[in-house]
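Take a look at the letters that make up each chain.
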Amino acid sequence: DTHTYVNLSDSSITYKSATTAIKGELTDTEGLYELNRLVGNDFDTILESITMNISFEEMGKLEVLDEGVAKKAYEALQNYTFGLEADGSVLIPQVVVSNRENGIAGMIDLLRVHPDGSLTVIDLKSSKNSSKSFGYTDVVYAVSEGSIFYDPQDPNKKVFTTRQQHAIQTNLYRRMLENIGYTV
């Protein structure tokens, strides 16, 4: 996974992923984050299946979640999306957004289109830290080379908590949509 996006109408135009723009180049030579990535992929598959009316039984193979856990996750996300659609909203999974000027792109897990045409960005996060834990909200991490926040004069400078990184990413997607005229 190179964490880059390519413009489909002009393959010479590439975009840095929002994740890389925020955190920098991710080097996981020890495989510490591999499980998080695989769990995240499984949840993306489940959510995409639900929004496309694909039953649990017909859903594609998952990478790490066992069937019992996956079934519970499917049912919980199905209930969640049902609530989101109750007002007539439409849910679109895996929406790529980009900004040519800054060369950044990313994939929104779920884009909610409200009946009035306004949008809501919904981005699932998998993290080694619970969203209610000290590690998610209070521990500040350094960014690496490739981040727009990286300071080569102080490469180990602690910049953001995981919660802040996630908020920046979601708001970056929101801003990209606003820049092309959508109300978010």
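In what follows, the structure referred to is the one given above.
Residues numbered from 1 in each chain as written. Predicted model: local features only at pLDDT ≥ 70, side-chain atom pairs only at ≥ 80, totals over all residues. Heavy atoms only, no water.

Q: Where do I start with the environment of V95 in this structure?
A: Inspection of the secondary structure assignment puts V95 in strand β3 (residues 90-99). Residue classification places V95 among the buried residues on the basis of a relative accessible area of 18%. V95 sits 13 residues away from I108 along the chain, and the two C-alpha atoms are 5.0 Å apart. Residue contacts for V95: discarding those within four places in its chain leaves G106, M107, I108 and L111. (Helix = DSSP H or I, 4+ residues; strand = E, 2+ residues; numbered from the N terminus. Buried < 20%, exposed > 50% of the residue type's maximum accessible area, 1.4 Å probe, protein only. Contact = heavy atoms within 4.5 Å.)

Q: Would you mind showing me how to read the pairing of strand β5 (residues 119-122) here?
A: When a strand is regular, its side chains alternate between the sheet's two faces. Both strand β4 (residues 104-113) and β5 contribute to a ladder of four bridges, which runs antiparallel. Counterpart to L111 in the pairing with β5 is V121. Here β4 folds back onto β5, and the loop between the two strands holds five residues, one of which, G117, carries a positive phi near 95 degrees. (Pairing = 2+ DSSP bridges.)

Q: Any chance you could explain helix α2 (residues 34-51) here in plain terms?
A: Given 3.6 residues to a turn, an α-helix orients residues that are three or four positions apart in the same direction. For α2, with 18 residues, the first-to-last C-alpha span of 26 Å sits near the 26 Å given by 1.5 Å per residue. Here α2 has its buried residues at N36, L38, G40, D42, D44, I46, L47, S49, I50 and T51. Those residues of α2 that are buried lie in contact with α3 (67-85), β3 and β4. Looking one or two residues past α2, N53 carries a phi angle of roughly 55 degrees, positive in sign. (Expected span 1.5 Å × (residues − 1).)

Q: Would you mind showing me how to read α3 here?
A: If you check α3, its first and last C-alpha atoms are 26 Å apart, about what 19 residues at 1.5 Å a residue would give, namely 27 Å. Along α3, the residues that are buried comprise A70, A73, Y74, L77, T81 and L84. Within α3, the buried residues cover an arc of 105 degrees as seen down the axis, which keeps them to one side. For α3, exposure combined with an orientation more than 90 degrees from the buried face picks out K72, N79 and F82. For α3, the secondary structure elements touched by its buried residues are α2, β3, β4 and β5. Capping of α3 at its N-terminal end is provided by D66; its side-chain oxygen lies 3.0 Å from the backbone amide nitrogen of G68. (Arc of directions from axis to C-beta. Polar contact = N/O pair within 3.5 Å; in protein donor to acceptor, adjacent residues only side chain to side chain.)

Q: Please explain the pattern of salt bridges as it appears in this structure.
A: Between side chains of opposite charge, a pair can form when the charged atoms approach closely. One pass over the structure, following the stated rule, counts seven salt bridges. Note that E57 and K71 form a salt bridge whose closest N and O atoms lie 3.7 Å from each other. Of this pair, E57 sits in the loop between α2 and α3 while K71 sits in helix α3, placing them 14 residues apart in sequence. With a closest N to O distance of 2.7 Å, E178 and R174 form a salt bridge. Within this pair, E178 and its partner R174 are both found in helix α5 (residues 162-179), separated by four residues, close to a single helical turn. The network of salt bridges with shared partners includes E57, K71 and E75. (Salt bridge = Lys/Arg side-chain N within 4 Å of Asp/Glu carboxyl O.)

Q: I keep staring at the nonpolar core and nothing clicks. Help me out?
A: Side chains that are nonpolar tend, in soluble globular proteins, to be buried together. Counting 15 residues, the largest nonpolar core has I46, M59, L62, A70, Y74 and L110 as its most contacted members. Going through the elements one at a time, α2 and α3 are the ones with two or more residues in this core. By residue number, the principal contributor to this core is α3, which donates five residues. If near-sequence neighbours (up to four positions away) are discounted, M59 is found in contact with T45, I46, S49, I54 and Y74. Formed by 13 residues, the second largest nonpolar core is a distinct cluster that contains A21, V97, I104 and Y173. (Core = buried A, V, L, I, M, F, W, Y, C linked by side-chain atoms within 4.5 Å.)

Q: Is there a simple way to think about unusual backbone geometry in this case?
A: Excluding glycine, most residues fall at negative phi; most peptide bonds, likewise, are trans. For N53, which is not glycine, the phi dihedral falls at a positive 55 degrees. Mapping N53 onto the fold places it in the loop between α2 and α3. Here N53 falls in the exposed class, since its relative accessible area comes to 71%. Positive phi, normally seen in glycine, also occurs at Q94, with a value near 55 degrees. Examined against the element boundaries, Q94 turns out to sit in strand β3.

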